[in-house]
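Given next are the chains, with one letter for each unit.
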Amino acid sequence: MSKKCINCNHFNPSDIFYCEKCNFPFEETSYNKSVKIFLFFKEKKIPLKNKTYVIGRGNKADINISDKYMSMRHAELKVLSSHVTLKDLKSKNGTFIEKIKIDDHNPIKLFKNNVFYCGKTKFEIKST
């Protein structure tokens, strides 16, 4: 049985942890109610609740970052009880998970310790 990469749609052998074509990770992450999820960036640590957050440099962004390479409404981070997703909001400079640019059509499920970038700002999701 093979694994289909959610990033590039490449079919991979079932026993690998990263896509052979684009290096996207296959590791599953699920959270239960007792797990606390945090967003780390620029030496800050923000506890995340089960809701949708807009990341951007605009005043209406839930997570407002001063980064001239970031759009006013750059990306959407959705925290659910079972997982976290990230979606680009048609930003000018793109949103990247590790070094892979994500499209603005579908939310991408984040995995344990994934690093993502909006503009030049590095973010990391961690749980306790």
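This text follows the structure it describes.
Quantities reported herein were computed from a predicted structural model and do not represent experimental measurements.

**Points about the packing of aromatic side chains**
Okay, so step 1: The full count for this structure, using the stated rule, is two aromatic pairs.
Okay, so step 2: Ring centres 5.2 Å apart and planes at 40° place the aromatic pair F41 and F123 in the tilted group. In this pair, F41 sits in strand β3 (residues 37-41) while F123 sits in strand β13 (residues 121-127), placing the two residues 82 residues apart along the sequence.
Okay, so step 3: By relative accessible area, which is 5% here, F41 ends up buried.
Okay, so step 4: Between the aromatic rings of F116 and F123, the centroid separation amounts to 5.0 Å while the plane-to-plane angle is 10°, which identifies the pairing as stacked.
Okay, so step 5: You can call F116 buried: its relative accessible area is 0%.
Okay, so step 6: Since its relative accessible area comes to 0%, F123 is described here as buried.

**Quick notes on the environment of K101**
Okay, so step 1: Inspection of the secondary structure assignment puts K101 in strand β10 (residues 100-102).
Okay, so step 2: With 94 residues separating them along the chain, K101 and N7 place their C-alpha atoms 9.1 Å apart.

**A few points about unusual backbone geometry**
Okay, so step 1: Of note, the phi angle at N9 is positive, near 70°, even though the residue is not glycine.
Okay, so step 2: Its place among the elements puts N9 in the loop between β1 (2-4) and β2 (11-13).
Okay, so step 3: With phi around 55°, E98 is a residue other than glycine that occupies positive phi space.
Okay, so step 4: With respect to the element layout, E98 can be found in the loop between β9 (95-97) and β10.

**Quick look at the sheet that holds β13**
Okay, so step 1: Pairing in this open sheet of six strands is antiparallel, and the strands run β4-β3-β13-β12-β9-β10 from one edge to the other. Only two strands of the sheet have a single neighbouring strand rather than two, namely β4 (44-48) and β10. Shown here is a sheet whose adjacent strand axes are inclined to one another by a mean of 30°, direction ignored.
Okay, so step 2: Here three bridges tie β9 to β10, and the two strands are oriented antiparallel to one another. Counterpart to F96 in the pairing with β10 is K101.

**Notes on the pairing of β13**
Okay, so step 1: Two elements, β3 and β13, share five bridges in a ladder whose sense is antiparallel. Residue L39 lies in a different strand from β13, and its bridge partner there is I125.
Okay, so step 2: Pairing of strand β12 (residues 115-118) with β13, which is carried by four bridges, proceeds in the antiparallel orientation. Bridge assignment links C118 to a residue of β13, and that residue is T121.
Okay, so step 3: Remark: two residues form the turn of the hairpin made by β12 and β13, two consecutive strands paired antiparallel; G119 in that turn has positive phi of roughly 60°.

What counts, and where the lines are drawn
Residues numbered from 1 in each chain as written. Predicted model: local features only at pLDDT ≥ 70, side-chain atom pairs only at ≥ 80, totals over all residues. Heavy atoms only, no water. Phe/Tyr/Trp six-rings, centres within 6.5 Å; stacked < 30°, edge-to-face > 60°. Helix = DSSP H or I, 4+ residues; strand = E, 2+ residues; numbered from the N terminus. Buried < 20%, exposed > 50% of the residue type's maximum accessible area, 1.4 Å probe, protein only. Pairing = 2+ DSSP bridges. Axes fitted to C-alpha atoms, helices over the stretch in contact; angles between N-to-C directions.

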